[in-house]
Amino acid sequence: MHRAHTAFSLALSPMAHKNFATWLLSSNSSQKLIKATAAAAVRTYNSAAAEPFANGSTASYVEEMYNAWLRDPSSVHTSWDAYFRSNSYVSPPNLAPVQANTLPLSAFNLGGAVSAAPDSKTIDDHLAVQAIIRSYQIRGHNIAHLDPLEINTPDLPGNTSTKSIYANFSFGEQDMERQFKLPSTTFIGGDEASLPLKEILNRLENVYCNKIGVEFMFINSLEQCNWIRKRFETPGVLNFTPEEKRLILARLTRATGFEAFLAKKYSSEKRFGLEGCEIMIPALKEIIDVSTELGVESVIMGMPHRGRLNTLANVCRKPLNQIFTQFAGLEAADDGSGDVKYHLGTYIERLNRVTNKNIRLAVVANPSHLEAVDPVVQGKTRAEQFYRGDQEGKKVMSILIHGDAAFCGQGVVYETMHLSDLPDYTTHGTIHVVANNQIGFTTDPRFSRSSPYCTDVARVVNAPIFHVNADDPEAVMHVCKVAAEWRATFHKDCVIDLVGYRRNGHNEIDEPMFTQPLMYQKIRKHKNCLDLYADKLIAEGTVTGEEVKSVAAKYENICEEAFALAKTETHVKYKDWLDSPWSGFFEGKDPLKVAPTGVKEETLIHIGNRFSSPPPNAAEFVIHKGLMRVLAARKAMVDEKVADWALGEAMAFGSLLKEGIHVRLSGQDVERGTFSHRHHVLHHQLVDKATYNSLQHMYPDQAPYSVSNSSLSEYAVLGFEHGYSMTNPNALVLWEAQFGDFSNTAQAIIDQFISSGQSKWVRQSGLVMLLPHGMEGMGPEHSSCRLERFLQMSSDDPDYFPPESDEFAIRQLHDINWIVANCTTPANYYHILRRQIALPFRKPLILCTPKSLLRHPEAKSPFSEMSEGSEFLRIIPDRGPAADNASNVKKVVFCTGRVYYDLTKARTEKQLEKEIAIVRVEQVSPFPFDLVKEQANLYKNAELVWAQEEHKNQGCWTYVQPRFLTALNHSRDISQSDEQSTFSNTTTTTTTDNTNHESDTDSDSNSDKKSKPWLSRMFASDKGDTVATATSATGEFNAAKHFDLKNVRHDFNRPAGDAAAPGVRKTKTGRKISYTGRACGASTATGSKAQHIRELNALLNDAIST
Ligand SMILES: Cc1ncc(C[n+]2csc(CCOP(=O)(O)OP(=O)(O)O)c2C)c(N)n1
Ligand SMILES: [Mg+2]
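A brief report on the enclosed structure follows.

Calculation criteria
- Residues numbered from 1 in each chain as written.
- Chains lettered and ligands numbered in written order.
- Predicted model: local features only at pLDDT ≥ 70, side-chain atom pairs only at ≥ 80, totals over all residues.
- Heavy atoms only, no water.
- Donors = N, O, S within 2.8 Å, 3.2 Å for Na, K, Ca; no water.
- Buried < 20%, exposed > 50% of the residue type's maximum accessible area, 1.4 Å probe, protein only.
- Patch = residues over 30% accessible without salt bridge, like charges linked within 9 Å, V, L, I, M, F, W, Y side chains within 5 Å.
- Areas by Shrake-Rupley, 256 points an atom, 1.4 Å probe, with all protein chains shown as cover.
- Salt bridge = Lys/Arg side-chain N within 4 Å of Asp/Glu carboxyl O.
- Pairing = 2+ DSSP bridges.
- Helix = DSSP H or I, 4+ residues; strand = E, 2+ residues; numbered from the N terminus.
- Contact = heavy atoms within 4.5 Å.
- Axes fitted to C-alpha atoms, helices over the stretch in contact; angles between N-to-C directions.
- Core = buried A, V, L, I, M, F, W, Y, C linked by side-chain atoms within 4.5 Å.
- Parallel < 35°, antiparallel > 145°, perpendicular 65-115°, else oblique.
- Left-handed = near helix turned anticlockwise from the far one by under 90°.
- Nonpolar A, V, L, I, M, F, W, Y, C, P; charged D, E, K, R; others polar.
- Expected span 1.5 Å × (residues − 1).
- Polar contact = N/O pair within 3.5 Å; in protein donor to acceptor, adjacent residues only side chain to side chain.
- Phe/Tyr/Trp six-rings, centres within 6.5 Å; stacked < 30°, edge-to-face > 60°.
- Near = heavy atom within 4 Å.

Observations regarding the coordination of the magnesium ion (ligand 2)
For step 1, the next point in the chain: Coordination of the magnesium ion (ligand 2) by the protein comes from D404 (OD), N437 (OD1) and I439 (O), over a distance range of 2.0 Å.
For step 2, the next point in the chain: Since its relative accessible area comes to 7%, N437 is described here as buried.

And the structure:
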């Protein structure tokens, strides 16, 4: 039965309040004896439950067994094997050294009898005690008092069967004072080697069934289990000094005071307050304090809405006035800027006053999409560790904060967990903190999960889970301390489950009684944690009531002062909210200058030679024969000075590495490459794990290259790489999908972070997404990266032709949200990768990559196209007979990607090279309006066609069609009235009318009243205009502002102001573009190769005809 299913009914049941001992030992009136178990542990362990246990009558029998087991574990029965393995047996002095607090069983006179050797009952009873101890360790958390509201009691399926196991062994009241030797698997004795049964039960009860529920016995490491046992069982671990208690109280006061202050000042604002789980703030601080003490210098946090502001204020110590300004800004803005204050990140460096060490704290900007930030935080953490040379995660760590419903509901949590121990993805231990308010919006746990706890996902990676009652601050602090020490010791994940409640609705405006009436009746009567703790400390004499009040009043004063300061602020500064500032990156850079991407030919030759060579110790390193052939083929290409796709990529990577740019490529099977073309990692055929990666050995002083096969996850791994790319702009970070089709399982990362991160959070990223794409008859799931979706999210206005100048391309790039490209040559692939770093800013690059082109004989580039003087080509014009005699060309086929090769082949077969020009659009977005216009002008008399192999509702068509029309409509420099309408937002007519409207021009006479077209305004002097007119037209344009290189305007790809270009597509030039290709389709491809070929032929027939 589900744990949460018990909700109220169980809370009220008598069972709910029983302590573990009573429950464990059963209080059935008919049973006089308290049931316990000896074999329980053993039997649960090895399922030899039916084995009659310990019939031997002397300790020597056990010792004999033990000796036999030492010689050969399989020589004893499995139950003995399990018993000895469980480390419960302590051998006599002649077999092993005596442990400090233990004595050999044979030397222990337990029953008070005079005999030297215990009888079988004594042995059984001891084993029973050991099993009881083990049961507490395994299942104590099930009935610990975790819920401050006492509603939910764990009701795990295992419970019932456990009882039946206990039934085999029993103790009576008369046994309570009997002394029992403690096994080495417990620390409850402290320095005592034995304890009376009553005391054993009491201590276990306190450790495992009080306000902390430790879930750890599933961990496969005995060392780790013992480590945890020691941290919780050792007597006195929960004793806090008065100073420590006062610190907890002070922190809790701030956490509580902050929410109260916001509630008072902004009563009608949503703030997703932490009330009911305020202890999370002191908890985070404790984790940070202990971690800092243990050497951590930088903490990167990811968290959702709940308690975010409190965390920023009281954990990061972000100035309160900056936080309050967010509220003020919202009130004033009133324009749907939304709940930005729960999403912006922050970065703070400050002195940790407890440890007196400097510490950096970052909270990563996150979208509303719960848990999506998890892998991003991990990637950022990993990158910081990398750049600091922190190979073991001793200096940089991450903390992930979760809601209970999201933690168990969102699959990305699982995917992220699975990165935790992978060599190239680990952050060496993350502390997860679940703000478990036992509700998700309006849904209670019994309807939101099928697992007993919301934290069960962490069990898959053997992470210990510390459940703790959020109303017991000292228990919480202890758990946090242990968690921080755990991470520092084992460098593995762990989870703190702060079981609290939510005092208000989902937000402060929601009415929770609609859906959780009984729960909220309880909550209304429940004192808050601060008051409970203050009462406790007052009662025990640690603080006085006056002190409590004065701490609270002091904090309120601080808030009031910040509130007053916030009122004087006039605007929000985004730089205050950056989670990874790139200090120095933009400084002194010309934001419109791209460094050259071509390199010296000798560099290419050097890289090529290295890339095609076996390791220097080739004689010892046995390489697969097939790979020897690959290397030889590469070498032949280098000698011929041409590159295929893999070589072009290696040239880009190698040359960047030479320039000190770190390159990281990650994704499924990227080391070899899905299509077996890359082979960056050569494997010794005879020695396991012996590998060679030539790109790591290009130059002695090169930057590090890392290529990593990832787990089979898109969501987490793409998020991880995005986080990695955010950390340092001087790195080329690439994620490759196995096939582009699979990238949609990472859609939230694409939508929420990659396409929109900069506009939402001023967060730049130069991440490259490599998406194998191409309709090649491989079926509907191996054909398309869904180019259309990326294009649909591109932010350039389809109806607006930006002003032309030498800086057209770079200005477009500067202002676009991302770049989408589909290259057809290795050289262009090489250049666009290098351009990512050559740009003076960072933009994500969505790159369709080929499959069959990887080995296509024509898809090769000469070194001359990659060497100095060469550059990325946004459009590759026709270079054949058609271009030589452009006016005779009847048709221009524009296309992108691999279909180009099919088109050229068909054109050659039909001998139409003179009549048909084929132009490749390599950079689809931002759209090369200027070059398309130029090409169209070149072939003045030709019909224009867009050919694509994707279905009509897919691929580029919907993106390029309106942009072609815009480009064609500007076949002459715009300066007249056709553009004037674009500045009027009153007559917005959207049409995709393809027909010709040659005479459709606005009256020039109106032009003076309207704003000037951009081109004439920007180049006013060329046109005889003045800057004065330029500035007056819209009231917005300011030449100085727009041409100040440090202040590049952000609307190059769309008209100035808030209005979009109207979308009237009437071409006065009379030219149009028509579509040729597949009809609309629901799927990305047909499953049948034959049909694919039929459709492709139809497309080629259509496109290549005059
Ligand atoms: C991926 C995703 N799905 C749905 C939502 C809508 N939503 C916002 S908060 C919330 C409940 C979250 O519950 P929990 O994780 O327990 O956090 P709490 O609000 O209780 O702190 C939901 C469903 C969302 N933000 N993200
Ligand atoms: Mg919740």
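Brief notes about a nonpolar patch on the surface
For step 1, the next point in the chain: Taken together, the side chains of V622, L686 and V687 define a hydrophobic patch exposed on the protein surface, amounting to about 260 Å² of accessible area.
For step 2, the next point in the chain: Assessed through its relative accessible area of 31%, V622 is described here as partly exposed.

Focus: the sheet that holds strand β28 (residues 1073-1078)
For step 1, the next point in the chain: Across the sheet, which stays open at both edges, the five strands sit in the order β23-β25-β24-β27-β28 with mixed pairing between neighbours. On the outer flanks of this sheet lie β23 (875-876) and β28, each paired with one strand and no other.
For step 2, the next point in the chain: Pairing geometry for β23 and strand β25 (residues 916-921), over two bridges, is antiparallel. For I876, the partnering residue across the bridge sits in β25 and is R920.
For step 3, the next point in the chain: Across the face of the sheet, helix α38 (residues 1089-1103) comes into contact with β24 (891-895), β25, β27 (943-951) and β28 while running at roughly 160° to β28.

Structural notes on the sheet that holds strand β14 (residues 662-667)
For step 1, the next point in the chain: Spatial strand order, β17-β14-β18-β19-β21-β20-β26: seven strands in an open sheet with mixed pairing. Two strands bound the open sheet, and with one partner strand each, they are β17 (705-709) and β26 (923-925). Direction aside, neighbouring strands of the sheet carry axes that sit 20° apart on average.
For step 2, the next point in the chain: Examined bridge by bridge, strand β18 (residues 731-736) and strand β19 (residues 768-772) share three bridges and lie parallel to one another. Within β19, the position partnered with L734 by the bridge is V768.

Quick word on the nonpolar core
Taken as a class, soluble globular proteins show a tendency for nonpolar side chains to be buried jointly.
For step 1, the next point in the chain: Ranked by internal contacts, the top residues of the largest apolar core, which has 188 residues, are F324 and I496.
For step 2, the next point in the chain: When sequence neighbours within four positions are dropped, the list of residues in contact with I496 reads I287, I431, H432, V433, V434, F466, V468, V479, C480 and A483.

So, the packing of helix α22 (residues 601-611) against helix α24 (residues 645-658)
For step 1, the next point in the chain: Look at α22 against α24: their axes get within 9 Å of each other, and the N-to-C directions meet at 115°. The angle between α22 and α24 falls in the class roughly perpendicular. For the crossing formed where α22 meets α24, the hand is right-handed. For the pair formed by α22 and α24, the contact residues are T603, L604, I607, G608 and F611 on the first element and A646, L647, A650, M651, G654, S655 and K658 on the second.
For step 2, the next point in the chain: Looking at the contact of α22 with α24 residue by residue, the class counts come to seven nonpolar, four polar and one charged.

Some points on unusual backbone geometry
For step 1, the next point in the chain: Following S925, the chain continues into P926 via a peptide bond in cis, with omega recorded as 0°.
For step 2, the next point in the chain: Its identity is not glycine, yet N356 carries a phi of approximately 60°, on the positive side.
For step 3, the next point in the chain: Checked against the element boundaries, N356 lands in the loop between β7 (346-352) and β8 (357-363).
For step 4, the next point in the chain: A positive phi angle, close to 65°, is found at H428, a residue other than glycine.

A closer look at the packing of α24 against helix α30 (residues 826-838)
For step 1, the next point in the chain: Contact geometry of α24 with α30 gives a least axis separation of 8 Å together with a crossing angle of 25°. Compared by their axis directions, α24 and α30 come out roughly parallel. In the crossing of α24 with α30, the sense of the turn from one axis to the other is right-handed. Contact with α24, carried on its side by W645, G648, E649, M651, A652, F653, S655 and L656, involves P826, Y829, Y830, L833, R834 and I837 of α30 and no other residues of that element.

Some remarks on helix α6 (residues 120-139)
For step 1, the next point in the chain: Relative to the 28 Å expected for 20 residues at 1.5 Å per residue, α6 spans 28 Å between its end C-alpha atoms, a close match to the ideal helical length.
For step 2, the next point in the chain: For α6, the tally of buried residues reaches 17 of 20 residues, placing the bulk of the element in the interior.

Remarks on the side chain of S870
For step 1, the next point in the chain: Of note, S870 is situated in the loop between β22 (861-862) and β23.
For step 2, the next point in the chain: At 3.1 Å, the side chain of S870 forms a polar contact with the backbone oxygen of E865.
For step 3, the next point in the chain: From its side chain, S870 meets the backbone oxygen of S867 in a polar contact 2.5 Å long.
For step 4, the next point in the chain: Setting aside its immediate chain neighbours within four residues, S870 contacts T597, G598, H831, S864 and E865.

With respect to the pattern of salt bridges
Pairing of side chains with opposite charge becomes possible as their charged atoms draw close.
For step 1, the next point in the chain: All chains considered together, the criterion is met by 45 salt bridges.
For step 2, the next point in the chain: Here R834 makes a salt bridge to E659, at a shortest N to O gap of 2.9 Å. Taken together, the residues R834 in helix α30 and E659 in the loop between α24 and β14 connect sequence positions 175 residues apart.
For step 3, the next point in the chain: E659 sits in the partly exposed class, given a relative accessible area of 46%.

Observations concerning the packing of aromatic side chains
For step 1, the next point in the chain: Here the structure, examined in full by the defined rule, presents 34 aromatic pairs.
For step 2, the next point in the chain: Plain terms: the ring middles of Y387 and Y724 are 6.4 Å apart, the flat faces sit at 50° to each other, and that makes the pair tilted. With Y387 in helix α14 (residues 373-388) and Y724 in helix α25 (residues 715-727), this pair connects stretches of sequence that are 337 residues apart.
For step 3, the next point in the chain: Among the residues examined, Y387 registers a relative accessible area of 30% and is labelled partly exposed.

So, helix α18 (residues 473-490)
For step 1, the next point in the chain: With 18 residues, α18 extends 25 Å from end C-alpha to end C-alpha; this agrees with the ideal 26 Å at 1.5 Å per step.
For step 2, the next point in the chain: In terms of residue burial, α18 counts as a mostly covered element, since 15 of its 18 residues are buried.

Regarding the environment of S676
For step 1, the next point in the chain: Relative to the assigned elements, S676 resides in the loop between β14 and β15 (682-683).
For step 2, the next point in the chain: A relative accessible area of 26% means that S676 is categorised as partly exposed.
For step 3, the next point in the chain: Taking the C-alpha atoms as reference, S676 lies 10.0 Å from A646; in sequence the two are 30 residues apart.

As for the site of ligand 1
For step 1, the next point in the chain: Around ligand 1 there are 15 residues in total, and R306, S368, D404, A406 and N437 lie nearest to it.
For step 2, the next point in the chain: Contact between ligand 1 and I439: an oxygen atom at 2.9 Å from a main-chain N or O atom of the residue.
For step 3, the next point in the chain: Surface burial for ligand 1 is 74%, taken as the share of its 580 Å² of free accessible area covered by protein chains.
For step 4, the next point in the chain: With three residues, helix α15 (residues 404-409) is the largest single contributor of residues to the shell around ligand 1.
For step 5, the next point in the chain: Here the shell around ligand 1 is composed, by residue class, of five nonpolar, eight polar and two charged.

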